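In case you want the letters, here they are:
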Amino acid sequence: MTKTTYLPAVAGLALCATGALAETPVLQVMTYDSFVSDWGPGPAVEAAFEETCNCDLQFIGAGDGAALLARLQLEGPRTEADIVLGLDTNLTAAARETGLFAPHGVDVDFDLPIAWDDAEFLPFDWGYFAFVGNTGAPAPTSLRALADSETKIVIQDPRSSTPGLGLLMWVKAAYGDQADTIWADLADNIVTVTPGWSEAYGMFLDGEADAVLSYTTSPAYHLIAEDDDSKRAWAFDEGHYMQVEVAGKVAGTDQPELADQFLAFMVSDGFQSVIPTTNWMYPAVTPTDGLPAGFDTLLTPAKALLFSPEEAAAGRDAALDEWRAALSQ
């Protein structure tokens, strides 16, 4: 083969390869940053799903959980996301109002502590909010006791973070009309308010606070991944507010079948078995092999608190006003 005939042949092969890549369908999943981090579920979920879908799964990080809704409301029907993953039940009523979501169409028996009948939002994990401190350190036994103590805490911004919004709902669910008083008394305990969970937890680990708003399952990370039992979740007498994280299919997706395939995968072992040791939450459907050793040592709240999506949406603005007023003093 002469050089003049070889080069067009190589160019032809390159064009064929480019064409094959161009034909690979792409599914875009918008989610919170920690989900797509190297230590989050994203890499394992991507690898497992791509083995089955003959597609390119791409994650779009959009800050913390509550920021997902704000971005979606801003983008509207122009969003490039096919799936939004990482909202919770405090946000689903507002998300539903956007009219951007389609029914998920998945029928499965969930292992959730609550009944689930939402046709548009599909749960993928759940847990209880808790303050996490160091084993052996003084541990308040209620939000009131925490507010009356000298304990320094780091919390997240409820406008951008689902844990931050969860604390807002937790205080409201436990104290109702007295929530503003709890926030006023908690204000001097708060070292800082971070945009997201990762920053807050990092500050706690760096010793900048006595405790951090996180989850009852957070000590499992230290116990299982680091063989370290120095962190514990504090049990509060008022009960602990629950979080159920969900995903939804964007109605205007140009990959409806692939989106449906991902939602079905989301409740399978391939996805659910990754959750406990990457997102450090309880899976929405218990994997075939059960939960990892160590999860049996975690705090189980005596009482669970949770507003319905409609109640959370109705009370959110007033609760935010109470929070802002207390922290601005």
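Residues numbered from 1 in each chain as written. Predicted model: local features only at pLDDT ≥ 70, side-chain atom pairs only at ≥ 80, totals over all residues. Heavy atoms only, no water.

The name an unreviewed UniProt entry gives the chain is Thiamine-binding periplasmic protein, with Yoonia phaeophyticola as the organism. Within the UniProt record for the chain, the comment given under Sequence similarities (unreviewed entry) is "Belongs to the bacterial solute-binding protein 1 family." Turning to the chain, the UniProt annotation filed under Subcellular location (unreviewed entry) states: "Periplasm". (UniProt positions renumbered as here; feature names shortened; annotations may be inferred.)

Undergrad: A description of the overall build of the chain should follow, citing residues and the corresponding values.
TA: When you go through the chain residue by residue, the secondary structure sums to 13 helices and 12 strands. Computed over its C-alpha atoms, the radius of gyration of the chain comes to 22 Å, within 12% of the 20 Å expected for a compact globule of 329 residues. The dimensions of the chain, computed from C-alpha atoms along their principal axes, are 85 × 45 × 40 Å. The 329 residues of the chain split such that 51% are buried. In the chain, the proportion of contacts linking residues at least 24 apart, taken out of those at least 6 apart, comes to 78%. Looking at the chain as shown, the accessible area adds up to about 14,500 Å², and 52% of this sits on carbon and sulfur atoms. The positive charge centre, built from 14 side chains, and the negative charge centre, built from 49, are 7 Å apart in the chain. (Helix = DSSP H or I, 4+ residues; strand = E, 2+ residues; numbered from the N terminus. Rg over C-alpha atoms; globule rule 2.2 N^0.38 Å. Buried < 20%, exposed > 50% of the residue type's maximum accessible area, 1.4 Å probe, protein only. Contact = heavy atoms within 4.5 Å. Areas by Shrake-Rupley, 256 points an atom, 1.4 Å probe, with all protein chains shown as cover. Lys, Arg positive; Asp, Glu negative; His and termini not counted. Charge placed at Lys NZ, Arg CZ, Asp CG, Glu CD.)

Undergrad: With reference to specific residues and values, describe the pairing of strand S6 (residues 153-156).
TA: Residue alternation in S6 divides its side chains into two sets, Ile 153 and Ile 155 and Val 154 and Gln 156, and both sets are buried. Sheet topology note: the S6/strand S7 (residues 190-194) ladder contains four bridges and is parallel. The residue of S7 that forms the bridge with Ile 155 is Val 193. Alignment of S6 against strand S8 (residues 211-215), held across two bridges, turns out to be parallel. Across the sheet, Ile 153 pairs through a bridge with Ala 211, a residue of S8. (Pairing = 2+ DSSP bridges.)

Undergrad: Describe the packing of aromatic side chains, naming the residues involved and giving the relevant values.
TA: Taken as a whole and judged by the stated rule, the model has 23 aromatic pairs. An aromatic cluster of three or more residues is present, and its members are Tyr 32, Phe 35, Phe 49, Phe 59, Phe 124, Phe 262, Phe 265 and Phe 271. (Phe/Tyr/Trp six-rings, centres within 6.5 Å; stacked < 30°, edge-to-face > 60°.)

Undergrad: Talk me through the environment of His 240; I want residue IDs and the actual numbers.
TA: Inspection of the secondary structure assignment puts His 240 in strand S10 (residues 240-250). The class of His 240 is buried, set by a relative accessible area of 1%. C-alpha separation for the pair His 240 and Pro 25, spaced 215 residues apart in sequence, amounts to 42 Å. Among residues more than four places away in sequence, those in contact with His 240 are Tyr 128, Phe 129, Ala 130, Trp 170, Thr 216, Trp 234, Ala 235, Leu 299, Pro 301, Lys 303, Ala 304 and Leu 305. Here the side chain of His 240 touches Phe 129 through a polar contact of 2.8 Å, landing on its backbone oxygen. A distance of 2.9 Å separates a polar side-chain atom of His 240 from the backbone nitrogen of Phe 236. (Polar contact = N/O pair within 3.5 Å; in protein donor to acceptor, adjacent residues only side chain to side chain.)

Undergrad: Which residues make up the packing of helix H3 (residues 42-53) against helix H11 (residues 256-266), and what are the values?
TA: Where H3 contacts H11, the axes come no closer than 11 Å and their chain directions differ by 125°. By the angle between their directions, the pair H3 and H11 is classed as oblique. Helix-helix and strand crossings are classified by hand; for H3 and H11 the assignment is right-handed. Contacts between H3 and H11 involve Val 45, Ala 48, Phe 49, Thr 52 and Cys 53 from the former and Leu 258, Gln 261, Phe 262 and Phe 265 from the latter. Taken together, the residues of the contact of H3 with H11 sort by class into seven nonpolar, two polar and no charged. (Axes fitted to C-alpha atoms, helices over the stretch in contact; angles between N-to-C directions. Parallel < 35°, antiparallel > 145°, perpendicular 65-115°, else oblique. Left-handed = near helix turned anticlockwise from the far one by under 90°. Nonpolar A, V, L, I, M, F, W, Y, C, P; charged D, E, K, R; others polar.)

Undergrad: Can you lay out the pattern of salt bridges for me, pointing to particular residues and giving the numbers?
TA: A side chain with one charge can pair with a side chain of the opposite charge if their charged atoms come near. Counting across every chain of the model gives nine salt bridges. One salt bridge connects Asp 260 with Lys 249, and the closest N-O pair in it is separated by 2.8 Å. With Asp 260 in helix H11 and Lys 249 in strand S10, this pair connects stretches of sequence that are 11 residues apart. By relative accessible area, which is 10% here, Lys 249 ends up buried. Here the salt bridges share partners, and the residues they tie into one network are Arg 96, Asp 118 and Glu 120. (Salt bridge = Lys/Arg side-chain N within 4 Å of Asp/Glu carboxyl O.)

Undergrad: Talk me through the state of the cysteines; I want residue IDs and the actual numbers.
TA: Applying the stated criterion across every chain yields a total of one disulfide. Disulfide pairing places Cys 53 opposite Cys 55 at an S-S distance of 2.0 Å. An S-S torsion of about -80° defines the bridge between Cys 53 and Cys 55 as left-handed. The two residues Cys 53 and Cys 55 agree in class, both being buried. (Disulfide = S-S within 2.5 Å.)

Undergrad: How would you sum up the environment of Pro 163? Please name residues and give values.
TA: By secondary structure assignment, the location of Pro 163 is in helix H7 (residues 162-175). With a relative accessible area of 2%, Pro 163 lands in the buried category. Pro 163 sits 29 residues away from Thr 192 along the chain, and the two C-alpha atoms are 14 Å apart. Every residue in contact with Pro 163, bar those within four places of it in the chain, is listed here: Asp 64, Phe 129, Gln 156, Trp 197, Leu 213 and Tyr 215.

Undergrad: For the side chain of Asp 82, give the residues involved together with the corresponding values.
TA: Its place among the elements puts Asp 82 in the loop between helix H4 (65-75) and strand S3 (83-88). Buried and unpaired, Asp 82 has no salt bridge, with Lys 249 as the nearest side chain of opposite charge at 9.9 Å. Among the polar contacts listed, one links the side chain of Asp 82 to the side chain of Thr 253, at a separation of 2.6 Å. Apart from the residues lying within four places of it in its own chain, the contact partners of Asp 82 are Val 26, Leu 27, Gln 28, Gly 248, Lys 249, Val 250, Thr 253, Asp 254, Gln 255 and Ala 259.

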